Protein chains: 2
Amino acid sequence: MELKNAQVVVLGAGFGGLTFCQNFCAPNARITLIDRQNHHLFQPLLYQVASAGLSAPNIAQPIRAILAHKPDFTVLMDNVVDVRLDERTIVLEKRKLNYDYLVLALGSITGYFGHPEWERFAPGLKTLDDALRIRRQILLAFEKAESEKDPHIHEQLLTMVVIGGGPTGVELAGTFAELRAHVLAKDFEHINPKEARVILIEGGPHVLGTFGVNLAESAREQLENIGVEVRTNTRVKNISSRCVELEGGEKIFAENIIWGAGVIASPITKKLGAELDKAGRVKVNPDLTIPGHPNVFVLGDMAAVTNEDGSPVPGVAPAAMQMAKYAARVIHEEVIYPGRADRTPFKYLDKGWMATIGRSAAVAKIKNFEFSGFFAWLAWLLVHLIFLVGFRNKVAVFFSWVYSYATYKRGARIITGLQEGSKTDLGDVI
Amino acid sequence: MELKNAQVVVLGAGFGGLTFCQNFCAPNARITLIDRQNHHLFQPLLYQVASAGLSAPNIAQPIRAILAHKPDFTVLMDNVVDVRLDERTIVLEKRKLNYDYLVLALGSITGYFGHPEWERFAPGLKTLDDALRIRRQILLAFEKAESEKDPHIHEQLLTMVVIGGGPTGVELAGTFAELRAHVLAKDFEHINPKEARVILIEGGPHVLGTFGVNLAESAREQLENIGVEVRTNTRVKNISSRCVELEGGEKIFAENIIWGAGVIASPITKKLGAELDKAGRVKVNPDLTIPGHPNVFVLGDMAAVTNEDGSPVPGVAPAAMQMAKYAARVIHEEVIYPGRADRTPFKYLDKGWMATIGRSAAVAKIKNFEFSGFFAWLAWLLVHLIFLVGFRNKVAVFFSWVYSYATYKRGARIITGLQEGSKTDLGDVI
């Protein structure tokens, strides 16, 4: 009955996949971890790369290096093409693999509510390449504005629109407002920081709606204090090149439009033949497996899981990590004592929420304790430093933050990638 | 007679252009500094970005931030299209500028000795984008090799060829050898560090020929100690995709071929109507001006300058910086006391040479004192930290070096840029 060398295949090295690997250990199992990147990305700090505060390697760690001390691990850099549950096979770009247990943790991609054509004009922020592209476009906009004589184009170049008032949108809008006010404005002759606008658009009545009304109001106030124009109850009708059209007909012209309004599950879920929710997530069993496939676990942003009160488990890193630990325990028990694993339903433990807005500005909710401002900001810094993977990165990020706090400067304000494909960006407008 | 608000235009924010701006100050002059990038790049450490030791922002500093405290400075990000000496005009992509004094400091580009077609197959290392591309290709080669079954392709993936035994070539070959041996090998299951080859090809009888025979021999020994195959008196006949053909007919198959064999002056020199040397550099007067144009100075890699003994002033950062200080003094005197500047010929003061090979391995020559090994390496680290621009970068680079020395790890081992244009790189071979 005992499985000899059970093959465990893990797809994705985000918070879910990596936590699974770090928590799984069985003498008679082999793990293969597959990701299309060579690094684990600490997504909660991605917006700081996009706003030139941190450099890309600060928030990424090579997957091989993280798992180097673990034997019986194979790491492959490859793209997942198909998952064939009935054959217990996954198809990668250049190979196939069989599995006894499969862990699906490929996360989410930016979702445009049925308007994929908006992606070109309003990129999302999910990968390091996204962040580096946004950094380049934002810094270039200032360079172009410096020498632009036409007042309309000048204004457009200095306008940034962030769509979506969730944590990502709030953090992006806040950091752009500070970039403009403290960092860039004094280095340019022909740019008045007052002209540079950051507009945050949210369809619902509040930014950070999930945090409750009190914190949402506090967040709005803190955003407005640093000069962000917060527009709630505002819906986007259309997005075209450098233009956001609102439902009322108003048009906002902006060089940079960033999409932070939604994510959908990795498209691979469509190939599973399982029931999905609206956001493409797999409706899993209470033990996180796909119905009919007790050996296939779905973690994090790919899984639609509900709490006991019927509310959905949110798509945040702690949820993915808790699911990963649950799956690691169950598979571990199954491999050692086949058929005897404890599959008591997964329970999400909500430890709290936090979002940063800017210098000494943040909101946080830990259990029933709500706070905002300086202490929420400090808590935010601490929690993110603790969870950032790799000692080296912790030190480097800590140093960057201290430096930026003391000097009002940012450490990664350089434009790269002009050579490759985007050379015309500069010539277009100047 | 006095010039009111003399217009001084500086092209290029490398060592020459930036040093000029930092040393020039006249109450009745306006300076405009133009560069196609938004950052000053500390090129001597570029090879450490290519080999994943440092991140790009570590060795780059925004030009505006460096000059922020100086009034009467305009910084423009633009490409130089033409220089019209007779009209005292420069043409940029989207504007023209007139000047009273012009400082040409656009540096050099990679030169292929009349074989521009080799560039595709053997990229050079001059910009951050070059470095990031090389880093991506080298790290990808290891990822591909990990899952490659065909022994010939496996061998090719693990072979790196560096062409040119000057400081750049030596530093690249040394750092790749260490990357392979210390950093990558233990993270891969199917790669034996002994298999991974680094081959350094030099046409002359010695690597680091300019350093003298003793140091050249020491450098060769130190390179061979860390596993670099040094092939001197070896000329390249042809380069094609993943293949270097030597003059004897031998072919070396290598996934990564890096060109470090030569540079030529920025092509803009061809538009000056001035006499050029073989490498495209302007044959300047002893006061660094273009014959017939006493108001146009040429600095650094664009200028062919000879020492009193007839030997050429080398294309290194200290030479560019000395020329910049000379030009800043002359123009300053001219602007304040027109026609009375002291134009005693420029003299290059050779303070020494150094090149690093690897961990505790380097060669250095300071005046007539030659040394190698640990102390040369320490001197190299110190000098480069001192000259690196920006306090933040000094601290970050110092920390990176201490960390790498203590742990044998590198801090920037991440692959970026797969999304943009090069997505097929991964699929090609796997």
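Here the structure is a predicted model, which is why all the values come from computation and not from measurement.

Each partner contributes residues to the interface: chain A has 61 residues there, and chain B has 61 residues. Between chain A and chain B lies a buried interface of about 5,200 Å² when both sides are counted; carbon and sulfur atoms form 53% of it. Run the count over chain A and chain B and you get six salt bridges. A salt bridge links Arg64 of chain A to Glu143 of chain B; the shortest N-O distance between them is 2.8 Å. Counting every contact that joins chain A to chain B gives 16 residue pairs in polar contact (both at pLDDT 80 or more). Residue assignment for the side of chain A that touches chain B shows that the elements contributing at least two residues are strand 4 (60-62), helix 3 (63-66), strand 5 (73-77), helix 4 (128-146), helix 10 (391-407) and helix 11 (424-429) of chain A.

Residue and element names in this part refer to chain A. A grouping of Phe374, Phe375, Leu378 and Tyr405 is seen on the molecular surface, where their side chains present a nonpolar patch of about 400 Å² in accessible area. At three residues, helix 9 (residues 374-387) tops the list of elements feeding residues into the nonpolar patch. In this structure, Tyr405 sits in helix 10.

As a further point, take the sheet that holds strand 16 (residues 251-253) of chain B. Residues and elements named next belong to chain B. In space, the three strands of this open sheet follow the order 14-15-16, with antiparallel pairing throughout. Each having just a single partner strand, strand 14 (236-240) and strand 16 make up the two edges of the open sheet. Looking at each pair of strands side by side, their axes are set apart by 20° on average, direction ignored.

Let's shift gears to the environment of Ser218 of chain B. All names here are of chain B. One can find Ser218 in helix 7 (residues 213-225). A sequence separation of 160 residues divides Ser218 from Asn58, and the C-alpha atoms of the two residues are 30 Å apart. Residues within four places of Ser218 in sequence aside, it is in contact with Val363 and Ser372.

Our next topic: the state of the cysteines. All names here are of chain B. As enumerated under the stated definition, the model contains zero disulfides over all chains in all. This cysteine, Cys21, is not joined by any disulfide, and Cys25 carries the nearest cysteine sulfur, 12 Å off. For Cys21, a relative accessible area of 0% puts it in the buried group.

The next thing to look at is the sheet that holds strand 25 (residues 369-372) of chain B. All names here are of chain B. Strand order across the open sheet formed by three strands is 23-24-25, with antiparallel pairing between neighbours. Looking at strand neighbours, the two that pair on one side only are strand 23 (353-358) and strand 25, the edges of this open sheet. Looking at each pair of strands side by side, their axes are set apart by 5° on average, direction ignored. As paired elements, strand 23 and strand 24 (residues 361-366) share five bridges and run antiparallel to each other. Across the sheet, residue Thr356 finds its bridge partner in strand 24, namely Ala362. Against the sheet, helix 9 (residues 374-387) contacts strand 23, strand 24 and strand 25, and its axis sits at roughly 110° relative to strand 23.

Turning to the packing of aromatic side chains, a few remarks are in order. Each pair of aromatic rings is reported with the distance of its centres and the angle of its planes. For the structure on display, the rule yields 30 aromatic pairs over all chains. Here Phe374 of chain A and Phe375 of chain A contribute two aromatic rings whose centre-to-centre distance is 5.4 Å and whose plane-to-plane angle is 80°, an arrangement assigned as edge-to-face. Between Phe20 of chain B and Phe24 of chain B, the aromatic rings sit 5.3 Å apart at their centres with planes inclined by 10°, giving stacked as the arrangement. You'll find Phe20 of chain B and Phe24 of chain B in the same group, each marked buried. Members of the aromatic cluster, each reached through a chain of ring pairs, are Tyr112, Phe113, Trp118 and Trp259 of chain A. The cationic tip of Arg329 of chain B hangs over the ring face of Tyr326 of chain B; the distance from NZ or CZ to the ring centre is 5.3 Å.

Cut-offs and rules
- Residues numbered from 1 in each chain as written.
- Chains lettered and ligands numbered in written order.
- Predicted model: local features only at pLDDT ≥ 70, side-chain atom pairs only at ≥ 80, totals over all residues.
- Heavy atoms only, no water.
- Contact = heavy atoms within 4.5 Å.
- Buried area = accessible area lost by both parts, 1.4 Å probe.
- Salt bridge = Lys/Arg side-chain N within 4 Å of Asp/Glu carboxyl O.
- Polar contact = N/O pair within 3.5 Å; in protein donor to acceptor, adjacent residues only side chain to side chain.
- Helix = DSSP H or I, 4+ residues; strand = E, 2+ residues; numbered from the N terminus.
- Patch = residues over 30% accessible without salt bridge, like charges linked within 9 Å, V, L, I, M, F, W, Y side chains within 5 Å.
- Areas by Shrake-Rupley, 256 points an atom, 1.4 Å probe, with all protein chains shown as cover.
- Pairing = 2+ DSSP bridges.
- Axes fitted to C-alpha atoms, helices over the stretch in contact; angles between N-to-C directions.
- Disulfide = S-S within 2.5 Å.
- Buried < 20%, exposed > 50% of the residue type's maximum accessible area, 1.4 Å probe, protein only.
- Phe/Tyr/Trp six-rings, centres within 6.5 Å; stacked < 30°, edge-to-face > 60°.
- Lys NZ or Arg CZ within 6 Å of the ring centre and 35° of its normal.

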